[in-house]
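Secondary and tertiary structure notes
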There are 2 protein chains.
Amino acid sequence: MRTSAVPVSRAPAQAPVHDSALTLRFMLAAHRRELQGMGELAQTCELVITVGRLVHALQKERGQAMLHLTLVAVRPADVRSTWAAQVDVAEAAEQALRQQLDDGLAAEAWPLTKPRCLHAVAHALHGLDGLPALRAQLRQARLTADQALDGYGRCIGSLLGVSIEALEGAADPVITHLLVALLNFMQAKELCGQERAHGVRGFAAGAFDDAHRRLMAGLVQAQERSIELFCQHAPAALLARWQALRADELALQRLRALSQGTQPQAPAFAPIWFDVCTARIDAMHELERELALHLAACCRERVTETTQALASLNQASRQYHELSIDRKTAVAYTLVGRPLDAAVNGDAMGDAMARSVLDVLLEQGVRLHEADQALAQARRAQVERRRIEQAKWRLVSQHGLSEAAAHEQLLRMAMNAGMTLLDVAERVLRDPGEA
Amino acid sequence: MRTSAVPVSRAPAQAPVHDSALTLRFMLAAHRRELQGMGELAQTCELVITVGRLVHALQKERGQAMLHLTLVAVRPADVRSTWAAQVDVAEAAEQALRQQLDDGLAAEAWPLTKPRCLHAVAHALHGLDGLPALRAQLRQARLTADQALDGYGRCIGSLLGVSIEALEGAADPVITHLLVALLNFMQAKELCGQERAHGVRGFAAGAFDDAHRRLMAGLVQAQERSIELFCQHAPAALLARWQALRADELALQRLRALSQGTQPQAPAFAPIWFDVCTARIDAMHELERELALHLAACCRERVTETTQALASLNQASRQYHELSIDRKTAVAYTLVGRPLDAAVNGDAMGDAMARSVLDVLLEQGVRLHEADQALAQARRAQVERRRIEQAKWRLVSQHGLSEAAAHEQLLRMAMNAGMTLLDVAERVLRDPGEA
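First, a word on what this report is: a plain description of the structure on this page. Remember, predicted model here, so these are calculated numbers, not experimental data.

Cut-offs applied
Residues numbered from 1 in each chain as written. Chains lettered and ligands numbered in written order. Predicted model: local features only at pLDDT ≥ 70, side-chain atom pairs only at ≥ 80, totals over all residues. Heavy atoms only, no water. Helix = DSSP H or I, 4+ residues; strand = E, 2+ residues; numbered from the N terminus. Buried < 20%, exposed > 50% of the residue type's maximum accessible area, 1.4 Å probe, protein only. Contact = heavy atoms within 4.5 Å. Areas by Shrake-Rupley, 256 points an atom, 1.4 Å probe, with all protein chains shown as cover. Phe/Tyr/Trp six-rings, centres within 6.5 Å; stacked < 30°, edge-to-face > 60°. Salt bridge = Lys/Arg side-chain N within 4 Å of Asp/Glu carboxyl O.

Points about the overall build of chain A
What chain A contains, in helices and strands, is 16 helices and zero strands. Looking at chain A as a whole, 57% of its 435 residues qualify as buried. Counting contacts in chain A only where the partners sit at least 6 residues apart, residues at least 24 apart contribute 78% of the total. Accessible area for chain A stands at about 17,700 Å²; split by element, carbon and sulfur atoms hold 55% of it.

See below:
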C-alpha cells in the first residue's frame, strides 16, 4: 500500500495558479473576431443585392421567354421586342455582377475567400457562360418551352446558391434570424417566378392539363412554406410590408382559380397573368432588397455596439491587471460570466453574479445553435429543391416527358414507394435505368 | 404595339462575350482555398490531440476522485495518493494546453481565429480556472460525489466543445467522414468515463439502486449509439483495431451484469471496476490519438494531391489563354466540368465530356452537404447532451435529489409528457419552478 506521502502541497508548485488572464484574453479575442465577422457580413449584403438584381432580371426574362415561345404566332413583334429588351436588362445586371466578382476576387474581399462560396460562384458563372447560347436558340425558336425553363431555372438556382453560401456563417443570433428570413424570401420569390413562367405557358396553350394543374398548385404550396418561415424570422416592419402587399392579391387569386379549372382558357390571359405576377414579384424584389439593406444596417449597428462593449471590456481588463491575484480571480469570473452588454456599465467589477457563468455561456451556445439549425434548414431546402429539379429534368430528357408529367411521375413514385420526394429524386439520379 | 426594331444584334454589343476566363479563375481560387483549409485542419489536429490528452487525464482523475470520496474510510492513504498523482498528470496536461493556446492566440494561428472556437476556448478555460477550488474541496472531503461529478463533467464537456468547434468547417467529404468518426469516438469515450465514475460510486456504496442501475444502462446504450456512428465513418484499419479491443470485454461485461443486479456488492469491486474500465478507456485514448493523427496525415496527403492537381490546372489555364476565343469556350467547359482528379492528366484539353458540368458540380455539392449533415448531427448530439446534463444538475441543486434520481425524474417527465429528453430539459432550464 502506498503512503499518502505524495504531498498535497506539491500540486500548486507544479501547476501555477492561473489568474484567469488567459480566459479573459480568449473572451476578448472571440468578441473581436465576431466584430470582424459582422463587418464582413455587411459587406456580403452588397454582393447579395447585386446577385438578387440579376436573379430578378432573369426571372422576368424567363417569363417573357415563355410568352415569346408560346404567343409568337399571335403577336410576334411585341413579345419578341419585350423579351429582347429584358435580355438587355439582364445582361447589364450580369455585367455589374461580373465586375463586382472580378474586383472582389482580385482584392481577396470577403466572402470571396470562402472555398464554398468560390465554388458556388464558379458554378453560377458557368451557368451564365451558357446563357448566350440559350438566348440564340430562343431567338431562332429552336427550343421547347421545357428546355427554356430548364436553362433559366438552373442558372437562377445556381445564383441563389451563391447568395446562400455568401451569407453562411454569421455568429450572431439576431443576424441569423434575418438571414433565415432573407433566404426563405429569396426562395419564395423564385417559386413565384416559376409559377409565373408555368402559368404563362398554360394560359398561352389555352388549357392546363391535370399534371400542369398539380404542378401549379404545388408551387403555390411551396411558396406558402417558404413565406411562413420568412414570417417567423422577419423583423416587424418588413412583415407589415409583406402583409400589405399580400392584401392586394385578388387578381392573382382569380387567375389562379382559372388555372385550376378544367375549361379551356383564352390565350389572351397569358400576358395578363404575366403582368399580375410581375407586379407582385417586382414588389417582392423591392422587399428583398430592403431586407438585405436592413441586414447590412443591423450588422453595422452590431459592430458599433460591440466596439463600445469591447472598449469597456478592454478597460476593465486593464484595471484588472492592477488588482491583487486573489481579487483577480473573483473579478475575472464576474467579467467573463456577464453577457457583453451588461459588462459595459462602469460598476461591473464588484457585482455579484446572479446566474452562473456557465449558464450564460451555455445559453449563448444553445441560442446560436438554434439559429444555426434554422439556417441549415433554409440551406437544406434549397439543395433538396435543386436535387428534385435535376431528377425531374433527367426524366424529361430520358423519357421525353413534359416537365409537368415528369413532376407528376416523381410524386407518384414517392407515394407508391412511401418515400420522400428527395429520396425518389436521389434514386432517379443514381440509377438512370430507374423510373 | 411596339415593333421588333429593338435589334437583336444590339445585345452582344452591350454584353461582351465572356470567354469563361472568370469562371476558370473562380474554380482555381476555390481549389486554392480548399487547399489552405486542408492545411489548417492538419494543424488543428495538434490542438485536438493536446485537448484529448487533458480530457483523458481529467476523466481518470474523476474516476479516482470517486474512489477517493467513497473508499476513503476503507483505505485512505492509497486512494488519496493515487488521486493526487493523477492530479499532477492532469495539471501537466493543462499546462501544455495553456501554453499551446497562449502561443496560438499570439500567432493568430488557425483554429484560434474562428469566433466560435475562441468562445469555446474561453468557456473551457473558465472551467479549468475553477478546478483548483474543486480539488481543494475534494482534498478536504467537503464535496459530495454528485458535486464532484458535476464539476469534472462540466469541465470535460467544455473541453470536448473546444475540439468540436476547432474541427468544424472542413470542405472535403473524405476528411469530414474522419471528423465524424473522431467526434463520435470522443463522445463515446466520455460516456465510458462517466460509466466508470458512476460505477465506482455504486460498487463502493455496496449497492446500485433502481435509478442508478437505469443510469448505468443508459450510459451503455448511449455509448453504443456513438460507437455505431464511429463505425459507420471510421477508416477500415482503425475499425479493425476497435473490434480487436472490443473482443476483450469479458471482465467488463461480468461487472456490468453485477451492477445491474439487485444483490449487495462488496466494496472491493470498486477498484477492480475502476481498473477494468481504465484499461479499456486507456486503449480508447490511444485509438483516439491515432484517429487524430490519421486525420492530420489524410489532410497532408490531400494537400499534396490537390497541389499537384492545381499545378496541372494552372498549366492548362495558361495554355488556354493562347487559344482562339471559340475554342476557349469549348475548352473551358471541359476543364470546369472535369472533377479535379481527372483534370490532371495531360490530354484534358481536347476530351469530350461524358457528364454535364452541372451534374458534377451538383454532385460535389450534395456529397459535401451529406457529410455536413453528419457533422452537424455529431455536434448537435454534444449540445443536447450538455443541455440534459445541465437540467439534471439543476434538479439536483433545487430538489436535493441524487444525480441518478434527477436523471430518472427527467426520463419520467419525458415519458409522461410524451416529449423528448431535450425538450423536457429545456423546460426545466426555462422554468425553475418546473418539476
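Text resumes after the structure shown.
Structural notes on the packing of aromatic side chains
Across all of its chains, the model carries 12 aromatic pairs over all chains by this definition. Seen from their ring centres, Phe230(A) and Trp242(A) are 6.4 Å apart, and the 80° between their planes marks the pair as edge-to-face. Remark: Trp242(A) occurs in helix α9 (residues 236-246) and Phe230(A) occurs in helix α8 (residues 210-233); sequence separation between them is 12 residues. Exposure class is identical for Phe230(A) and Trp242(A). Each is buried. Ring geometry for Phe203(B) versus Phe208(B): centroids 5.0 Å apart, planes at 85°, classification edge-to-face. Judged by relative accessible area, which is 0%, Phe203(B) ranks as buried. For Phe208(B), a relative accessible area of 5% translates into the label buried. Ring pairs connect the aromatic residues Phe203(A), Phe208(A), Phe269(A) and Trp273(A), which therefore count as one cluster.

Things to note about the pattern of salt bridges
Applying the stated criterion across every chain, the model contains 38 salt bridges over all chains. The partner of Arg246(B) in a salt bridge is Glu249(B), with the nearest N and O atoms 3.7 Å apart. One salt-bridge network, in which partners are shared between bridges, spans Glu224(A), Arg246(A), Glu249(A) and Arg280(A).

Comments concerning unusual backbone geometry
What is expected of a backbone is that most residues other than glycine have negative phi and most peptide bonds are trans. Residue Trp110(A) is joined to Pro111(A) through a cis peptide bond whose omega torsion reads 0°. Among the secondary structure elements, Pro111(A) is positioned in the loop between α3 (76-106) and α4 (115-129). The phi dihedral of Glu108(B) falls on the positive side, at around 50°, and the residue is not glycine. Within the fold, Glu108(B) resides in the loop between α3 (76-106) and α4 (115-129). In this model, Ala141(B) sits at a positive phi of 50°, which is unusual for a non-glycine residue. Within the fold, Ala141(B) resides in the loop between α5 (131-139) and α6 (145-167). The exposed category is assigned to Ala141(B), whose relative accessible area is 52%.

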